[in-house]
Amino acid sequence: MSDTDTIEPSAYFFGYIGVASAVVFANLGSSYGATKSGVGICSMGVLKPDLIMKSVIPVVMAGILGIYGMIVGVILQGKVSSITAQSASKQGYAYLSAGLCCGLSSLAAGLSIGIVGDAGVRANAQQDRIFVGMILILIFAEALALYGLIVSLILSQTS
Amino acid sequence: MNWGNPYNWDAAEWQQATWGERFMFIDPYFWSYFGVGLALATSIIGASWGIFVTGVSLLGSTVKAPRIRSKNLISVIFCEAVAIYGVIMAIIMIGKIQTIESYPNGQQDECYTTALFNGYSLFWTGISVGLSNLICGIAVGVTGSGCAIADAQTPETFVKILVVEIFGSALGLFGVIVGIIQCSGATFLKNCTS
């Protein structure tokens, strides 16, 4: 029935795809967020240089997404290396799913943070009262990546 | 569970296997976990799409009408709810996936077919829930964007457009309800039959 000595090799294939996709997609999202917001900061900083440091917040929030991807990548890498023989292919697919969950969620969150951050910093330069609203929307966008991280960590616990 | 050779085929039978038969050898656990990943990832893509569509309009309109800022954050919260639907469904689906450790003697075929049923069920649950939430997020986002712009010009329109948003947000709920019913039959049993 189940051969306890040999580990199904495809488990490592799918597991490592999970590791790679967590890091790659999270970094894609993070870079999009930082770049798009950064362009907005550069545009509005020409006329309102005092607001530049306050406006760096979207860039910081986008940077956190890369950290989420790295955390999940490191955790999954440890799990993939120690796949047990009894349910090897199941574990491999679970780690693939974990990597995709974290990576694609962070990508989506990064898109959102970038576009909202760009519009937000430009609007903040014209109207002071927008700052709090921009921060609130950015927090909601960041929470999306957190949901992906949570589900990834749940999936990485499969045995 | 290492299926190994589910139908106990030898090399000659493998050589004349059709594509349909090879398709059936894709592991049921792959379908299950991929369904979980799809449910979550597409829900969150929908939520993020909605958030940035609404957020941009909200921030732009608030420049000239600062009073609309706090009221229109409710559109962003509707989009966040779509992401939470995805998380709930993903956790429900993860709870359904167990390791099959053994099967009764001589019932490897039945066991594998049951596992395939469970796997397909979870995969398509992921598709139903994920795509519904993707579309719901976009719908709520576009409506919320219109709501912010209209509210900036005419405050009376806010509540009326909010009703439209609530109808849009019901799409995600339909997806979750159908998804729960769809994956209710998918139970991986430890001994495959009990």
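Procedures and definitions
Residues numbered from 1 in each chain as written. Chains lettered and ligands numbered in written order. Predicted model: local features only at pLDDT ≥ 70, side-chain atom pairs only at ≥ 80, totals over all residues. Heavy atoms only, no water. Helix = DSSP H or I, 4+ residues; strand = E, 2+ residues; numbered from the N terminus. Rg over C-alpha atoms; globule rule 2.2 N^0.38 Å. Buried < 20%, exposed > 50% of the residue type's maximum accessible area, 1.4 Å probe, protein only. Contact = heavy atoms within 4.5 Å. Areas by Shrake-Rupley, 256 points an atom, 1.4 Å probe, with all protein chains shown as cover. Lys, Arg positive; Asp, Glu negative; His and termini not counted. Charge placed at Lys NZ, Arg CZ, Asp CG, Glu CD. Polar contact = N/O pair within 3.5 Å; in protein donor to acceptor, adjacent residues only side chain to side chain. 1 Å grid on protein atoms, 1.4 Å probe; cavity = no way out; pocket = protein on both sides within 12 Å on 5 of 7 lines; lining within 4 Å. Points joined across faces, edges and corners; volume = space filled by probe spheres on them. Nonpolar A, V, L, I, M, F, W, Y, C, P; charged D, E, K, R; others polar. UniProt positions renumbered as here; feature names shortened; annotations may be inferred. Buried area = accessible area lost by both parts, 1.4 Å probe. Salt bridge = Lys/Arg side-chain N within 4 Å of Asp/Glu carboxyl O. Phe/Tyr/Trp six-rings, centres within 6.5 Å; stacked < 30°, edge-to-face > 60°. Lys NZ or Arg CZ within 6 Å of the ring centre and 35° of its normal.

Draft legend 1. Focus on the overall build of chain B. When you go through chain B residue by residue, the secondary structure sums to six helices and zero strands. Against the compact-globule benchmark of 16 Å for 194 residues, chain B has a radius of gyration of 23 Å, which places it well outside the compact range. By its C-alpha atoms, chain B is 75 × 35 × 20 Å across when sized along the principal axes. Counting across all 194 residues of chain B, residues that qualify as buried make up 52%. The contacts of chain B with a sequence gap of at least 6 include a subset with a gap of at least 24, amounting to 85%. Counting every atom, chain B has about 8400 Å² of accessible surface; 69% of that belongs to carbon and sulfur. The centroid of the 8 positive side-chain charges in chain B is displaced by 25 Å from the centroid of its 11 negative side-chain charges.

Draft legend 2. The arrangement of the side chain of S48 of chain B in detail. You can see S48 of chain B is positioned in helix α3 (residues 28–62). Polar side-chain contacts of S48 of chain B include one of 3.0 Å to the backbone oxygen of A108 of chain A. What S48 of chain B contacts, discounting residues up to four positions off in sequence, is A108, A109, S112 and L144 of chain A.

Draft legend 3. Region of the structure containing empty space enclosed by the protein. Residues and elements named next belong to chain B. In this structure the tally under the stated criterion is one cavity of 30 Å³ or more. Size it by volume and the largest cavity reaches roughly 30 Å³. Surrounding the largest cavity, I100, T114, A115, N118, T187, F188, L189 and C192 form its lining. Each residue belonging to the lining of the largest cavity can be placed in one class, and the counts come to five nonpolar, three polar and no charged.

Draft legend 4. Quick look at the UniProt feature "transmembrane region" (unreviewed entry) in chain A. Residue and element names in this part refer to chain A. Per the UniProt record, the feature "transmembrane region" (unreviewed entry) sits at residues 12–35, 56–76, 96–118 and 130–155. This span, residues 12–35, is 100% helix and 0% strand, and a straight line between its end C-alpha atoms measures 34 Å. Across residues 130–155 one finds 100% helix and 0% strand; the C-alpha atoms that close the span lie 39 Å apart.

Draft legend 5. Structural detail: the interface of chain A and chain B. At the junction of the two partners, chain A supplies 47 residues and chain B supplies 42 residues. Carbon and sulfur atoms make up 75% of the area that chain A and chain B hide from each other, which totals about 3800 Å². In this assembly, chain A and chain B are joined by zero salt bridges. Here chain A and chain B share nine residue pairs in polar contact (both at pLDDT 80 or more) between them. Elements represented by at least two residues in the side of chain A that touches chain B include exactly α3 (88–126) and α4 (130–155) of chain A. In terms of residues, the side of chain A that touches chain B owes the most to one element, α3 of chain A, which gives 20 residues. A per-class count over the side of chain A that touches chain B returns 28 nonpolar, 15 polar and four charged.

Draft legend 6. Focus on the packing of aromatic side chains. Across all of its chains, the model carries 14 aromatic pairs over all chains by this definition. Centroid distance F14 of chain A to Y93 of chain A: 5.0 Å. Interplanar angle 50°. Geometry classified as tilted. Of this pair, F14 of chain A sits in helix α1 (residues 10–45) while Y93 of chain A sits in helix α3, and the two are 79 residues apart along the sequence. The pair F14 of chain A / Y93 of chain A is uniform in exposure class, with both members buried. Relative to F188 of chain B, the ring of Y29 of chain B lies with its centre 5.1 Å away and its plane at 20°, an arrangement referred to as stacked. Of the two residues, Y29 of chain B sits in helix α3 while F188 of chain B sits in the segment after α6 (157–182), which places them 159 residues apart along the sequence. When its relative accessible area of 4% is taken as the criterion, F188 of chain B is described as buried. Here a set of aromatic residues connected by ring pairs shows up, and it is made of F13, F14 and Y93 of chain A together with F23, F30, W31, F34, Y120, F123 and W124 of chain B. One residue, K54 of chain A, lies across the ring of F131 of chain A, its end atom 4.4 Å from the ring centre.

Draft legend 7. Focus on the UniProt feature "domain: V-ATPase proteolipid subunit C-like" (unreviewed entry) in chain B. Residues and elements named next belong to chain B. UniProt marks residues 34–93 and 124–181 with the feature "domain: V-ATPase proteolipid subunit C-like" (unreviewed entry), using the numbering shown here. Here residues 34–93 runs as 83% helix and 0% strand, with 11 Å between its end C-alpha atoms. Helix makes up 95% of residues 124–181 and strand makes up 0%, while its end C-alpha atoms are separated by 12 Å.

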